[in-house]
Amino acid sequence: MIRKLLLTVLLPSLLWTTVWAQDKQITGKVTAAEDGTTLPGVNVVVQGTTKGTTTDAEGNYSIQLSASENTLVFTFVGFSTITEEVGDRTVIDVTMGSDITSLTEVVVIGYGVQKKSDVTGAVASVRAEDLNKIPVSTAAEALQGKVAGVQVTTNGTPGSAPTIRVRGLGSVSSRVEPLYVVDGVLVDDISFLGSNDIESMNILKDASASAIYGIRASNGVVIITTKRGKNEQPKIAYSGYAGVQNPINMVDMASGSDYVQLLNEKDAIAASRNGTSFTPRDPAAYPYSTDWYDEILRSGASIQNHDLSVTGGSEKSVYAMGGSYFKQEGLASKTDYERLNLRTSVESTVTKFLKIGVNANLSNFKSTNAPASLFTSAYIAPPAIPVRIDENTFASPQAFGDFANPAASQYYNNDKTKGIRLVGAVSADVTLAKGLTFRTAYGVDGSYSQNTKYVPPYFVSSTQRDTTKTLTRKIDNYFSYYWDNTLTYDFTLNSDHHFTLLAGMNAQQQRFYSLTGIRQGVEDFGENTWYLNLGNASQSTTDAGYNIKALSYFGRLTYAFQEKYLLTATIRRDGTSVFDKNNRYDYFPSLGLGWVLTNESFMDDQNFFQFLKLRASWGKMGNNRIPGNTVVSYTSTGGTYSPVFGGTPQTGESVTLIVPDNLLWETTKEVDFAVEGNVLNNKLNFEIDYYNRKTSNAIFPVTVNGVFGTSNRDYLDNNADIINKGVEVALNWKDKVGDFTYGIGGVFAYNTNKVDALRPGTVGIYGGYVNVTPTTYTVVGQSVGEFYGRKVIGIFQNDAEIENYTDADGTIIQPNAKPGDFKYQDSNNDGQINDKDRVFLGSAIPKYNYGVNLYGAYKGFDITIDLYAQGGNKIYNAKRYRQIGNENYDRDFLEHRWHGEGTSNDYPSADLSADANKQANSWYLESGNFFKIRNIQVGYTFPATTTSRIGITKLRVYANAANPLVAFKYNGFSPEIPTAIPGVNQQNTTNITSQGIDNNVYPMAATYNLGINISL
């Protein structure tokens, strides 16, 4: 009875399972959407497997599917990929449209989207998967070599933001970094974002494209959309990697014995120069040879990243939630950076006419920081001393001068930063009528950070010690908000005329407050006892801040006639509190035009261009990101300023800080001409731009006449016009050979930078001070921060050569020189060498950069190779500057120095500390050209038939190498010399005229890691 019952219940199920498990024959035909012709050679593959077939000469195909195989993927070069769910069908016919991916894709242009083919400005897109492949702390670093005209210089310090320049450098005293727009929120940096947080990134490069964002967009705009949900079943995805970082391209330093030998050479020449005697050091007395970089750096510094996300939704609501954890140990021992991110995004269609959205990114970070000038200290410290005398005592370098023991500096350093940052927005979209939408959005960017430094009591030498037990605590609070209200009307007339009208207003506020407290006498009983109240109450507390408000109104018209003739016009009225009330508002227009030639009838008979467009644009933008309180004057009061009238003292005031009396907007005008298109059956797409960008009324220091008696030697005012112009080229090739799919992409940019004008009567600006010596001079006709100094034309070999170096009258030009000294060019032919002989020696601003990106995939395997290079710039090797006199030498100098007649005509003697040899000159300048393999990644995606058995829809593993090879000739640790840039809580950069000077550059690292991507 039981057996019969089981057969009755189970037999139908077994029969059904048997029928379902049988293979299914699928047939069909593939045709082209444009003309209906059949497509032979189309690849038809079962998704997630290598199983497939191709269409025959008539476009027909046939394929057997097992019970677990339910999705077919149709691919063909030059056509869009089609994915079809099989279901119960046995016949599946497919129509494939032309694949003009770069043209049909939708790009974000600011307060809206457009088809790439309709864009009239310079807009570049970067795919999220291209950003995710490089192990970096911030997504901005991954942009290097991806976008033409965008220069990215990495710092190397864990968690630090890179320096980014879009189409050159157009200011000196204002911020020169691009504006970032994250889910509509305006921010000054994206250090809080990891690469896996991002879904799409679009870069607006020219004034026409950027103008819609107004006063903070004059240096370009980077628009970022974080991950969003879709109308689908919940999906869980994990991405993670772990690896190690090793320092590369280390500079070999002189050994202890070599160092002593060089000091003896130096002292012998110095004694001859001064007419004194000296006693050589005995090398045997200094048996040590310490490599200080070995002492402060570590190999195998770990790096790891983990990202978990959940996405899904329905027809009415979509959501995305996720979290990520990133940790990076620094190459410098005892340094690290750690960040935890939480993000959420929800979009819900409440009614037919109302949609609301909420997104938020919460970032918590902490870092342990290296001592200031640690790497400079390791470079100059004498190698002829040990690190320690015994286990508890560090060795003192004072036998050779006032040097610090770098290992001791690192050991006693206590410098930590922690903070939290929230970037988020809420929005509502109301459909008022067909094509008419009102949107309101409110976003915030708020952060709190705390830096704590504690110096414990210690003793290394009379100058490297501390008895004050000083605690410094700095707290920064930053809050920025924006409120947008826009009205968009999108409509078409007679099927030929397509219009999109946008009108809007924007209110912004940036508020920052910083409080710093310093107390001495804080006893050290561990980090938990470091409180200011436990120290002496006599030390100072300082605070600072700013509050900038802005209000703007804007409008934009985009028009397309038969998808052939394109127009984009923008007007914006901006007002900001950083200017005087008389100059607070200004108007900033832009215009973009486009002509799609391939939509013209006269192009019908040609087959070379599948798409060809000409575009031109012009735009004007203002910049309000200038130092706070620029137009605020200060006065002092007190007895010093109190005159006596009628025997009674009257309190007076004196102006102590002079400011501009009529500061105007710093404005940028730019023209852009471009051609873009697709050729060779859409395998190759290209884009070529020429631009000319002029910044007028640039905020620039003006020298103050000393007779005014003010405390400032200069003040900021509208003082310069700066021009950047150049060419950008972007090429991308995609093709397929059998089962091998590959792509080759390349970007190239060439830019020139020049100061076009200074206010009449204004002198140039010296900068780039190394100790007290200026190394740059900014003046009309040269680039911003051009290197300026004496030109070295050789090395004096003997006394006779010095005596024979004369002017036309027979006067010895360098009478005080010694053999081994620099021989300088008498540039002004006055028979003597002094500051009047200084000439321009090159610029720190690269003239060109390029990137090459290679991709290949074959039956589950894939490989990506990214290459990057830049050049045409100079680096000032300030590490070699000798102030104390007994600084260490690098091995390159040791091997090439002048140490006797005929030994060198390029490198001087060891007596670099002589005043004549310390002057800024061409020998300290070296080429900044470099080429590097930015990244290599090899991955494998397991077949879906295998992973589906364990509930995984996609499983990919990979191995990665970042910066495995960097080639350059510069005698330093890295040719990437970043200009220090601000964090989110600062308005202004450090001195732009001091860029390209290598004095404390972080060594480069090669990173090797393994990773995995899992989707459920």
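Residues numbered from 1 in each chain as written. Predicted model: local features only at pLDDT ≥ 70, side-chain atom pairs only at ≥ 80, totals over all residues. Heavy atoms only, no water.

**A short note on the overall build of the chain**
Working step 1: Looking only at helices and strands, the chain has 12 helices and 55 strands in total.
Working step 2: In terms of C-alpha radius of gyration, the chain reaches 33 Å, essentially the compact-globule figure of 31 Å for 1016 residues.
Working step 3: On the principal axes, the C-alpha backbone points of the chain span a range of 115 × 75 × 70 Å.
Working step 4: In the chain, which comprises 1016 residues, the proportion classed as buried is 52%.
Working step 5: Restricting the contact set of the chain to residue pairs at least 6 apart, pairs at least 24 apart contribute 70%.
Working step 6: Distance between charge centroids for the chain: 6 Å, based on 87 positive and 99 negative side chains. (Helix = DSSP H or I, 4+ residues; strand = E, 2+ residues; numbered from the N terminus. Rg over C-alpha atoms; globule rule 2.2 N^0.38 Å. Buried < 20%, exposed > 50% of the residue type's maximum accessible area, 1.4 Å probe, protein only. Contact = heavy atoms within 4.5 Å. Lys, Arg positive; Asp, Glu negative; His and termini not counted. Charge placed at Lys NZ, Arg CZ, Asp CG, Glu CD.)

**Details of the side chain of aspartate 689**
Working step 1: Mapped onto the elements of the fold, aspartate 689 is located in strand S39 (residues 684-703).
Working step 2: At 3.1 Å, the side chain of aspartate 689 forms a polar contact with the side chain of arginine 615.
Working step 3: Apart from the residues lying within four places of it in its own chain, the contact partners of aspartate 689 are Ala122, Arg167, Arg615, Asp672, Phe673, Ala674, Gly726, Val727 and Glu728. (Polar contact = N/O pair within 3.5 Å; in protein donor to acceptor, adjacent residues only side chain to side chain.)

**Some points on the packing of aromatic side chains**
Working step 1: Tallied over the entire structure, the rule returns 41 aromatic pairs.
Working step 2: Consider the rings of tyrosine 286 and phenylalanine 400, whose centres lie 5.1 Å apart with planes at 50 degrees: the pair is tilted. You can see tyrosine 286 sitting in the loop between helix H5 (256-274) and helix H6 (292-296) and its partner phenylalanine 400 sitting in the loop between strand S23 (393-394) and helix H8 (406-411), a full 114 residues away along the chain.
Working step 3: When its relative accessible area of 2% is taken as the criterion, phenylalanine 400 is described as buried.
Working step 4: Taken together, Phe787, Phe822, Tyr824, Tyr876, Tyr889, Phe893, Tyr907, Trp923 and Tyr924 form an aromatic cluster joined through their ring pairs.
Working step 5: Directly above the aromatic system of phenylalanine 394 lies the positively charged group of arginine 388, at a separation of 3.9 Å from the ring centroid. (Phe/Tyr/Trp six-rings, centres within 6.5 Å; stacked < 30°, edge-to-face > 60°. Lys NZ or Arg CZ within 6 Å of the ring centre and 35° of its normal.)

**With respect to the pairing of strand S55 (residues 1004-1015)**
Working step 1: By the bridge criterion, 12 bridges tie strand S17 (residues 235-248) to S55 in an arrangement that is antiparallel. Residue pairing across strands places tyrosine 238 opposite isoleucine 1014, the latter belonging to S55.
Working step 2: As defined by bridge partners, strand S53 (residues 954-968) adjoins S55 across nine bridges and the pair is classed as antiparallel. If you follow lysine 954 over to S55, its bridge partner there is serine 1015. (Pairing = 2+ DSSP bridges.)

**Here we look at the sheet that holds strand S50 (residues 874-877)**
Working step 1: Spatially, S51-S50-S54 is the arrangement adopted by the three strands of the open sheet, whose pairing is mixed. Each of the sheet's edge strands pairs with one partner strand only, and the pair in question is strand S51 (925-927) and strand S54 (997-998).
Working step 2: Sheet topology note: the S50/S54 ladder contains two bridges and is parallel. By the bridge assignment, tyrosine 876 is partnered in S54 with isoleucine 997.

**Quick word on a nonpolar patch on the surface**
Working step 1: On the surface, a cluster of nonpolar side chains totalling about 500 Å² of accessible area is made up of Phe673, Ile688, Tyr690, Val727, Phe748 and Tyr750.
Working step 2: The set of elements that each furnish at least two residues to the nonpolar patch consists of S39 and strand S41 (740-758).
Working step 3: Within the fold, phenylalanine 748 resides in strand S41.
Working step 4: Given a relative accessible area of 33%, phenylalanine 748 falls into the partly exposed group. (Patch = residues over 30% accessible without salt bridge, like charges linked within 9 Å, V, L, I, M, F, W, Y side chains within 5 Å. Areas by Shrake-Rupley, 256 points an atom, 1.4 Å probe, with all protein chains shown as cover. Salt bridge = Lys/Arg side-chain N within 4 Å of Asp/Glu carboxyl O.)

**Section: unusual backbone geometry**
Working step 1: At asparagine 681, a residue that is not glycine, the phi angle is positive and equals roughly 60 degrees.
Working step 2: Position of asparagine 681 relative to the elements: it lies in the loop between strand S38 (666-679) and S39.
Working step 3: Under the relative-accessibility criterion, asparagine 681 is labelled partly exposed at 39%.
Working step 4: Phi at asparagine 829 is positive, roughly 55 degrees, even though this residue is not glycine.

**Digging into the side chain of serine 324**
Working step 1: The topology assignment puts serine 324 in strand S19 (residues 317-329).
Working step 2: Serine 324 has contacts with Asp197, His306, Asp307, Arg339, Leu340 and Asn341, leaving out every residue within four places of it along the chain.

**Brief notes about the environment of asparagine 405**
Working step 1: Among the secondary structure elements, asparagine 405 is positioned in the loop between S23 and H8.
Working step 2: Looking at asparagine 405, the relative accessible area reads 0%, which means it is buried.
Working step 3: Distance in space between the C-alpha atoms of asparagine 405 and alanine 381 is 6.9 Å, their sequence separation being 24 residues.
Working step 4: Not counting chain neighbours up to four residues away, the residues in contact with asparagine 405 comprise Trp292, Pro386, Val387, Phe394, Ala395, Pro397, Val460 and Gln464.

**Section: the pairing of strand S44 (residues 786-789)**
Working step 1: Both faces of S44 are covered, namely the face carrying Glu786 and Tyr788 and the face carrying Phe787 and Gly789.
Working step 2: Note that strand S43 (residues 776-778) and S44 share two bridges and pair antiparallel. Residue pairing in the sheet places tyrosine 777 in a bridge with glutamate 786 of S44.
Working step 3: In this structure, S44 lies alongside strand S47 (residues 839-842), joined through three bridges in antiparallel fashion. By the bridge assignment, glycine 789 is partnered in S47 with valine 839.

**Remarks on the nonpolar core**
Working step 1: Counting 64 residues, the largest nonpolar core has Tyr293, Tyr876 and Trp923 as the members making the most contacts within it.
Working step 2: Broken down by secondary-structure element, the contributors of at least two residues to this core are H5, H6, helix H7 (374-380), H8, strand S45 (792-795), strand S46 (822-824), S47 and helix H10 (891-896).
Working step 3: Not counting chain neighbours up to four residues away, the residues in contact with tryptophan 923 comprise Val792, Phe822, Arg880, Phe893, Asp906, Tyr907, Pro908 and Leu912. (Core = buried A, V, L, I, M, F, W, Y, C linked by side-chain atoms within 4.5 Å.)

**Re H5**
Working step 1: With 19 residues, H5 extends 27 Å from end C-alpha to end C-alpha; this agrees with the ideal 27 Å at 1.5 Å per step.
Working step 2: Residues of H5 that are buried: Gly256, Asp258, Tyr259, Val260, Leu262, Leu263, Asn264, Lys266, Asp267, Ile269, Ala270 and Ala271.
Working step 3: Its buried side turned inward, H5 meets H10.
Working step 4: Remark: glycine 275 follows H5 within two positions and exhibits a positive phi of approximately 70 degrees. (Expected span 1.5 Å × (residues − 1).)

**Quick word on the sheet that holds S47**
The strands making up a sheet associate through backbone hydrogen bonding, with each pair oriented either parallel or antiparallel.
Working step 1: With antiparallel pairing, the four strands of this open sheet are ordered in space as S42-S43-S44-S47. Two strands bound the open sheet, and with one partner strand each, they are strand S42 (765-767) and S47. Adjacent strand axes in the sheet meet at a mean angle of 45 degrees when their direction is disregarded. (Axes fitted to C-alpha atoms, helices over the stretch in contact; angles between N-to-C directions.)

**Considerations on the pattern of salt bridges**
Working step 1: Counted by the stated rule, this structure contains 53 salt bridges.
Working step 2: The salt bridge partner of aspartate 689 is arginine 167, with a shortest N-O separation of 3.8 Å. Of this pair, aspartate 689 sits in strand S39 while arginine 167 is found in the loop between strand S12 (163-166) and strand S13 (179-182), placing the two residues 522 residues apart along the sequence. The pair formed by aspartate 689 and arginine 167 is uniform in burial state, with each residue classed as buried.

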